[in-house]
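# Observations on chain architecture
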Amino acid sequence: MIRLNKYMSEAGICSRREADRLVEQGRVTVNKETAVVGMQIEDGYQVELDGRPIRRGEKDETILIAVNKPKGIVCSEVSQGGDTNIIEFLKYPKRITYAGRLDKESEGLLLMTNRGELINQMMRASNYHEKEYEVVVNRPVHEEFLRRMADGVYLKELGVTTRPCTVERLGKRKFRIVLTQGLNRQIRRMCRELGFHVQELCRVRIMNIRLGHLKTGAWRNVTGEELEELLQLLKASGKQGRKMEEWQDDEN
């Protein structure tokens, strides 16, 4: 027996979290019956997404691409009415999905892959993977603002305090921030709590993968040493994450 979301992830369809969303939307069936979140399935079950079979058989070659997402493009796999989603924008010939959203108003590095397990490993908050952004706000940044951003900001809307992070001034109204978590619209919320408004937000790095000089709207394959380094980082952080979980279980 295996959980449905894990089955879909291992088939390279999407992450487990995204799989649950697809199930909630009624787009997944098991043996021709509408699936439910958390259900267990067995070998031989007929699993379909939007009427197309999902199989965990022999996997295709790993696809990992780096995209410079433009403003106005939505990170979603479903139609967004008048908005263009990232799948429609790329028109990639094989099924891939995104690893970590960028909101509609943001731009920059977006990784897309056919490997659900890579998405899970990259985006798991317990692994503390770095994501770097360059941000322009509506007024000059000062030392107090930089310090408070770095120390962690309490977000009333979410009821959480952000993790301590690295923040560096790049210009009069521009700064760099490196996060190890991915709360919803986190940087925009942090700035708003401190009385600033984000005017431009660009992600320039995820772990060892950098945006570099990739033009807006363009994409490139992540291969060779760059991919190998990423896989090694994921392997090492996975082991560390399991150790932390075991330690926390012992403490509780």
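As the structure is a computational prediction, the values presented were derived from the model and not from experiment.

What counts, and at which threshold
Residues numbered from 1 in each chain as written. Predicted model: local features only at pLDDT ≥ 70, side-chain atom pairs only at ≥ 80, totals over all residues. Heavy atoms only, no water. 1 Å grid on protein atoms, 1.4 Å probe; cavity = no way out; pocket = protein on both sides within 12 Å on 5 of 7 lines; lining within 4 Å. Points joined across faces, edges and corners; volume = space filled by probe spheres on them. Helix = DSSP H or I, 4+ residues; strand = E, 2+ residues; numbered from the N terminus. Nonpolar A, V, L, I, M, F, W, Y, C, P; charged D, E, K, R; others polar. Pairing = 2+ DSSP bridges. Phe/Tyr/Trp six-rings, centres within 6.5 Å; stacked < 30°, edge-to-face > 60°. Buried < 20%, exposed > 50% of the residue type's maximum accessible area, 1.4 Å probe, protein only. Lys NZ or Arg CZ within 6 Å of the ring centre and 35° of its normal. Disulfide = S-S within 2.5 Å. Arc of directions from axis to C-beta. Contact = heavy atoms within 4.5 Å.

## A few points about the layout of surface pockets
If you add up the space inside the largest pocket, you get close to 1000 Å³. Forming the walls of the largest pocket are 39 residues, and the residues nearest its centre are R17, G100, R101, M123 and G182. Looking at the lining of the largest pocket, the elements with two or more residues in it are helix 2 (16-24), strand 10 (97-99), helix 4 (116-123), strand 12 (131-137), helix 6 (186-193) and strand 17 (198-206). Here the lining of the largest pocket is composed, by residue class, of 16 nonpolar, 11 polar and 12 charged.

## Let's talk about the sheet that holds strand 5 (residues 47-49)
Across a sheet, strands are paired by hydrogen bonds formed along the backbone, either parallel or antiparallel in direction. Here 4 strands make up an open sheet; going across it, the order is 3-2-5-6 and the pairing antiparallel. The sheet is open, and its two edges are formed by strand 3 (33-34) and strand 6 (52-53), each paired on a single side. In the sheet, strand 5 pairs with strand 6 via 2 bridges, with the strands oriented antiparallel. Looking across to strand 6, one finds that L49 is bridged to R52.

## Considerations on the packing of aromatic side chains
Enumeration over the complete set of coordinates arrives at 3 aromatic pairs. With centroids separated by 5.4 Å and ring planes inclined at 75°, the aromatic side chains of F145 and F175 adopt a geometry described as edge-to-face. Of this pair, F145 sits in helix 5 (residues 143-151) while F175 sits in strand 16 (residues 174-179), and the two are 30 residues apart along the sequence. Since its relative accessible area comes to 2%, F145 is described here as buried. For the pair F145 and F196, a centre-to-centre distance of 4.2 Å together with 40° between the ring planes defines the contact as tilted. One end of the pair, F145, is in helix 5; the other, F196, is in the loop between helix 6 and strand 17, with 51 residues separating them in the sequence. Judged on exposure class, the residue F145 and its partner F196 are both buried. An aromatic cluster of at least three residues, connected via ring pairs, comprises F145, F175 and F196. One residue, R139, lies across the ring of F196, its end atom 3.9 Å from the ring centre.

## Concerning the state of the cysteines
On inspection of all chains with the given rule, the structure shows 0 disulfides. Note on C165: no disulfide assigned, nearest cysteine sulfur contributed by C191 at a separation of 10 Å. Looking at C165, the relative accessible area reads 13%, which means it is buried.

## Description of unusual backbone geometry
You will see that K32, though not glycine, has its phi angle at about 70°, which is positive. Within the fold, K32 resides in the loop between strand 2 (28-30) and strand 3. A relative accessible area of 56% places K32 in the exposed class.

## Concerning helix 5
Think of an α-helix as turning once every 3.6 residues; residues three or four places apart then point the same way. Buried within helix 5 are the following residues: F145, L146, M149 and A150. Burial along helix 5 is one-sided: seen end-on, the buried residues are contained in an arc of 130°. Looking at the buried residues of helix 5, the elements they touch are strand 15 (166-169), strand 16 and helix 6. Looking one or two residues past helix 5, G152 carries a phi angle of roughly 115°, positive in sign.

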